[in-house]
Amino acid sequence: MDLFEKCAKAPEYESGLKQSGHYFFFRKLESPQDSEVVVNGKRVIMIGSNNYLGLTNHPRVKEAAIKAIEKYGTGCAGSRFLNGNLEIHEELEKKLARFFRKEAALVFATGYQTNLGAISALVERNDFAIIDKDDHASIIDGCRLSFGKVQKFRHNDMDDLERVLKATQGKGQLIIVDGVFSMEGDIADLPGIVRLAKAYGARIMVDDAHAVGVLGKGGRGTAEHFGLENEVDLIMGTYSKSLAAIGGFVAGSSDVISWIKHLARSMIFSASLPPSLVASVSTALDIIEEQPELRDRLWRNTHKMLRGYKTLGYDTGTSETPIIPILIKDTLKTYQMCKLLFENGVFVNSVISPAVPPGRELLRTSYMATHTEEQLDKVLAAFEKVGRQLGVI
């Protein structure tokens, strides 16, 4: 049997969607990530980005990247473990540790690699990684790379989490959850998780990719949001959302971070984060601390859109964050809405099975501090027009 035989199905699937006008992947942007973008020459309102605070095109962030290139060049030409450890990597780690009120932090080249490295380094044979069934793919893959055992519990179901903790009691247990779940925008029941972790002696790691800069009085994420910063052992995050770059970090106690630093294969065997991105993240952190009004504007926009969609009759699930799913529950209509919304000047993401369970097909919308009232009103008007056209509302 030819190993590559199965690959012929991929272009057939792609060409079929393209012919029907329903291929919404790898869309080519011709402008910066902002509240409006240009796609194939057409200017549209962007409500499909994770650029929550609008910092990817911020002048200070861009200037910091330029200055870092002028000083350090464009790359590090190796792993941090050997020759690629720059002073700005260590400066960023100190800043991240201070910001998240932890003893230490560790910088990775991507958020995906952060979860791969941290989880696989910590969860050894006879240990258990205990994860929410809706956790991000990078968490799942980090568990697969470890030598430990994996147990899933039903989404945000504390009774089911307790069942798993009871069944694995007496072993090393690491509970790993998304702080904000990336498809439907709901928040982990961190108070419930902390209560159970204490009762069973488990440790907690929170993936705050979509919570950094968004949740908490100071933008420190889910733990700060619930007042549980001292109860969460590890905070992981990415730079590709509010922090305006790409990369990742994990913050925690000094001994745990040192352990990960010397055992995380995804860091040891990858080239280090380029200087320009390190500088961008550092400056974005400064802006988050200096300008809380950005977060205020983000939440004002979020509440406006949640009210607007519900008034129109859309199902937004259990979202309470700037990620607002519009549940369509039908693959074809989800594709049709995505196409018609684009024609009406709105960029949105269609999400179907297997990214979500069958029957939970949705349009994933997300909002920025930099969206204007006029832009958001145009989005709601487009959703009303297209929803009525397709009989969704």
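Described below are features of the structure shown in this document. (Residues numbered from 1 in each chain as written. Predicted model: local features only at pLDDT ≥ 70, side-chain atom pairs only at ≥ 80, totals over all residues. Heavy atoms only, no water.)

Topic: the overall build of the chain
Then step 1. The helix and strand tally for the chain stands at 14 helices and 13 strands.
Then step 2. Its C-alpha atoms put the chain at 60 × 55 × 55 Å along the principal axes.
Then step 3. Out of the 393 residues belonging to the chain, those deemed buried represent 56%.
Then step 4. Across the chain, every contact between residues at least 6 apart in sequence was considered, and the portion connecting residues at least 24 apart equals 69%.
Then step 5. If you sum the accessible surface of the chain, you get close to 17,300 Å²; carbon and sulfur atoms cover 52% of it.
Then step 6. The positive charge centre, built from 48 side chains, and the negative charge centre, built from 49, are 1 Å apart in the chain. (Helix = DSSP H or I, 4+ residues; strand = E, 2+ residues; numbered from the N terminus. Buried < 20%, exposed > 50% of the residue type's maximum accessible area, 1.4 Å probe, protein only. Contact = heavy atoms within 4.5 Å. Areas by Shrake-Rupley, 256 points an atom, 1.4 Å probe, with all protein chains shown as cover. Lys, Arg positive; Asp, Glu negative; His and termini not counted. Charge placed at Lys NZ, Arg CZ, Asp CG, Glu CD.)

Focus: the sheet that holds strand β4 (residues 127-132)
In any sheet, the strands associate via hydrogen bonds between backbone groups, in a parallel or an antiparallel arrangement.
Then step 1. If you walk across this open sheet you meet the 7 strands as β3-β9-β8-β7-β6-β4-β5, and the pairing is mixed. Each having just a single partner strand, β3 (104-108) and β5 (149-153) make up the two edges of the open sheet. If you compare each strand with its neighbour and ignore which way they point, the axes differ by 20 degrees on average.
Then step 2. Strands β4, β5 and β6 (172-178) of the sheet are contacted by helix α6 (residues 158-167), whose axis makes an angle of about 155 degrees with β5. (Pairing = 2+ DSSP bridges. Axes fitted to C-alpha atoms, helices over the stretch in contact; angles between N-to-C directions.)

Focus: the sheet that holds strand β11 (residues 346-347)
Then step 1. Spatially, 3 strands are ordered β1-β2-β11 in an open sheet, and the strand pairing comes out mixed. For this open sheet the edge positions go to β1 (36-39) and β11, each flanked by a neighbour on one side alone.
Then step 2. In this structure, β1 lies alongside strand β2 (residues 42-46), joined through 4 bridges in antiparallel fashion. Counterpart to Val38 in the pairing with β2 is Arg43.

Some points on the packing of aromatic side chains
Where two aromatic rings form a pair, the distance of their centres and the angle of their planes describe that pair.
Then step 1. Inspection of the entire model under this criterion finds 8 aromatic pairs.
Then step 2. Aromatic pair Phe100 and Phe249: ring centres 4.9 Å apart, planes at 25 degrees, arrangement stacked. Here Phe249 lies in strand β9 (residues 248-252) and Phe100 lies in the loop between α3 (87-99) and β3, a separation of 149 residues in the sequence.
Then step 3. The class for Phe100 is buried, based on a relative accessible area of 1%.
Then step 4. A ring pair is formed by Tyr239 and Phe249, whose centres lie 6.2 Å apart and whose planes are at 10 degrees; its orientation type is stacked. Residue Tyr239 is located in the loop between β8 (234-238) and β9, and its partner Phe249 is located in strand β9; the two are separated by 10 residues in the primary sequence. By the burial criterion, Tyr239 is buried, and Phe249 matches it.
Then step 5. The structure contains a cluster of three or more aromatic residues connected by ring pairs, namely Phe99, Phe100, Tyr239 and Phe249.
Then step 6. Lying over the aromatic face of Phe347, Arg27 brings its terminal NZ or CZ to 3.8 Å of the ring centre. (Phe/Tyr/Trp six-rings, centres within 6.5 Å; stacked < 30°, edge-to-face > 60°. Lys NZ or Arg CZ within 6 Å of the ring centre and 35° of its normal.)

With respect to the nonpolar core
Then step 1. Counting 62 residues, the largest nonpolar core has Leu55, Leu96, Leu161, Ile175, Leu190, Ile193 and Tyr239 as the members making the most contacts within it.
Then step 2. If near-sequence neighbours (up to four positions away) are discounted, Ile175 is found in contact with Ile130, Leu161, Leu165, Ile193, Ala197, Ala202, Arg203, Ile204 and Met205.
Then step 3. The next biggest cluster of nonpolar side chains, apart from the first, holds 30 residues, and it includes Ile328, Tyr335, Val346 and Ile352. (Core = buried A, V, L, I, M, F, W, Y, C linked by side-chain atoms within 4.5 Å.)

Points about the environment of Ser120
Then step 1. Position of Ser120 relative to the elements: it lies in helix α4 (residues 111-122).
Then step 2. A residue is classified by how much of its surface remains accessible, and Ser120, at 17% relative accessible area, is buried.
Then step 3. As a C-alpha pair, Ser120 and Ile139 span 19 residues in sequence and 9.8 Å in three-dimensional space.
Then step 4. With residues near it in sequence (within four places) discarded, Ser120 still touches Asn115, Gly142, Leu145 and Ser146.
Then step 5. Engagement of the side chain of Ser120 in a polar contact is seen with the backbone oxygen of Leu116, the distance being 2.5 Å.
Then step 6. At 3.3 Å, the side chain of Ser120 and the backbone oxygen of Gly117 are in polar contact. (Polar contact = N/O pair within 3.5 Å; in protein donor to acceptor, adjacent residues only side chain to side chain.)

Describing the pairing of β3
Then step 1. In terms of burial, β3 is largely enclosed, as 5 of its 5 residues are buried.
Then step 2. The two faces of β3 match: Ala104, Leu106 and Phe108 on one face and Ala105 and Val107 on the other face are all buried.
Then step 3. Relative to β9, β3 runs antiparallel, the two being bridged by 5 bridges. Within the sheet, the bridge partner assigned to Ala104 lies in β9 and is Gly252.

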